Amino acid sequence: MQSVAALRCGGIRAASRLVQRAACLPHICWLSKTTIDVNPAASAPQRWAQSKSGLSVLEHVHLTGNEPAGLVSYDQAEAAQEEHRARFLAWKALSDDQKSISTSEIPKPRLVSFEAMPTYTLGRRQEDLMPDQTARLQRTLEVGLPHRRPTVTQRFNPQVKKTSRGGLTTYHGPGQIVLWPIIDMHSPLYPKYGVASYASHLETTTQRLLSEIFGIQTYVARDEPGVWVAASSGQPRKIAALGVHHRRYVTALGIAVNIDIPVTGSETVNPWARFVPCGLDGKLVTSVAAEVGNDSSIGWNLEDLAGRWAILFEEGLLDERMRNGGNGDAESRLRR
């Protein structure tokens, strides 16, 4: 296992293994080259033991804050995303002659992962909330993560923020891993994506992670973006939310997976009880913890889980046969 290097800038620490170089923007740090080296004996469940370690093309940056829980504000994560996205857009603005001279400067695909401070996000086409609706979302939220060691207990007043994705209101917060790949879907470094195949790749990668690490069987629904837990009876349960945006084929946002985030209880402790997630009336939100129980043999380290997701994602990045799990119609799921 390589030592962990940490960079601090404006209250954010970007932790990585094998850090080669780094740069800073105001209020944010990012790593321009990062490789995750998973040590299955020390930091991951036994089921990780046979996994390939390291990344060959994809860069992975996991952002953590200074507080004990390591939470990051949504705005700071968005700044890290937009900084790298700007590199892609600048490259794509070059002439063909300029690109041929500077082939070594092609931006690399990057995954930004983080655990957010409580934030409710709204879709770009969604009407503004009424003052009483906003006030309800911003009421004090008591966050408890009993699976963590040490246990996390903290109070927050959630942020409410408009975003560039489609869909309606959703939530990001402690106990959920947010995964934002920033890639050029038409890069010469790997097979091209379409909008639908990219969405399928995000969902398929998440399905593989949940099955391989936690044994959770999932599916994707034709008209409901995201990942759902397969249930023989009862209401459908959503475990991962999908929301993407692209400009000139450069992606933003991605997928958020509920790990040990609270999904039951009153509005004081359950953030989902304050609204109808993405307008999915009559359907439930679930998490890994809710599905598998308090199993102490399972690691609840979200950075390690993000590292494993990055490895699975890169497999599909380089091999387009790994991008689609064969469930549902990705194109129709994006028409929202």
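A quick note: this is a predicted structure, and the numbers were derived from the prediction, not measured. (Residues numbered from 1 in each chain as written. Predicted model: local features only at pLDDT ≥ 70, side-chain atom pairs only at ≥ 80, totals over all residues. Heavy atoms only, no water.)

Asks: Sorry if this is basic, but what is going on with the pattern of salt bridges here?
Replies: Here the idea is simple: oppositely charged side chains can pair when their charged atoms come close. On inspection of all chains with the given rule, the structure shows 18 salt bridges. Measuring nitrogen to oxygen at the nearest pair gives 2.3 Å for the salt bridge that ties E267 to R136. Of this pair, E267 sits in the loop between β16 (250–258) and β17 (284–285) while R136 sits in helix α4 (residues 131–137), placing them 131 residues apart in sequence. Because the salt bridges share partners, they merge into one network encompassing E59, E83, R87 and R110. (Salt bridge = Lys/Arg side-chain N within 4 Å of Asp/Glu carboxyl O. Helix = DSSP H or I, 4+ residues; strand = E, 2+ residues; numbered from the N terminus.)

Asks: When you look at the confidence of the model for the protein in this model, what are you seeing that I'm missing?
Replies: Keep in mind that low pLDDT regions are not for reading the predicted coordinates in detail. With 77% of its residues at a pLDDT of at least 70, the protein reaches an overall mean of 79. For the protein, per-element mean pLDDT is lowest for strand β1 (residues 4–9), which scores 26, and highest for strand β12 (residues 176–182), which scores 98. Confidence drops under a pLDDT of 50 for residues 1–52, and excluding neighbours within four residues, the segment shows 136 contacts in the predicted structure. Throughout residues 327–336 the model reports pLDDT below 50, and contacts reaching past four residues in sequence, or to other chains, amount to 29 contacts. (pLDDT = per-residue confidence, 0-100. Contact = heavy atoms within 4.5 Å.)

Asks: Got a minute to help me understand the sheet that holds strand β7 (residues 119–122) in this structure?
Replies: Sheet strands pair via backbone hydrogen bonds, and the direction of the pair is either parallel or antiparallel. Pairing is mixed across the open sheet formed by three strands, whose spatial order is β10-β7-β11. Two strands lie at the open edges of the sheet, namely β10 (159–162) and β11 (170–172), each paired on one side alone. Averaged over all neighbouring strand pairs, the angle between strand axes comes to 30°, with direction disregarded. Two elements, β7 and β11, share three bridges in a ladder whose sense is antiparallel. Bridging across to β11, T121 finds its partner in T170. Across the face of the sheet, helix α2 (residues 74–92) comes into contact with β7, β10 and β11 while running at roughly 35° to β10. (Pairing = 2+ DSSP bridges. Axes fitted to C-alpha atoms, helices over the stretch in contact; angles between N-to-C directions.)

Asks: Just checking my understanding: could you explain the packing of helix α5 (residues 195–214) against helix α7 (residues 302–318) for this structure?
Replies: Where α5 contacts α7, the axes come no closer than 9 Å and their chain directions differ by 130°. One way to sum up the angle between α5 and α7 is to call them oblique. The way α5 lies across α7 gives a crossing that is right-handed. Between α5 and α7, the contacting residues are Y198, H201, L202, T205, T206, R208, L209, E212, I213 and F214 on the first element and L305, R308, W309, L312, F313, E315, G316 and L317 on the second. (Parallel < 35°, antiparallel > 145°, perpendicular 65-115°, else oblique. Left-handed = near helix turned anticlockwise from the far one by under 90°.)

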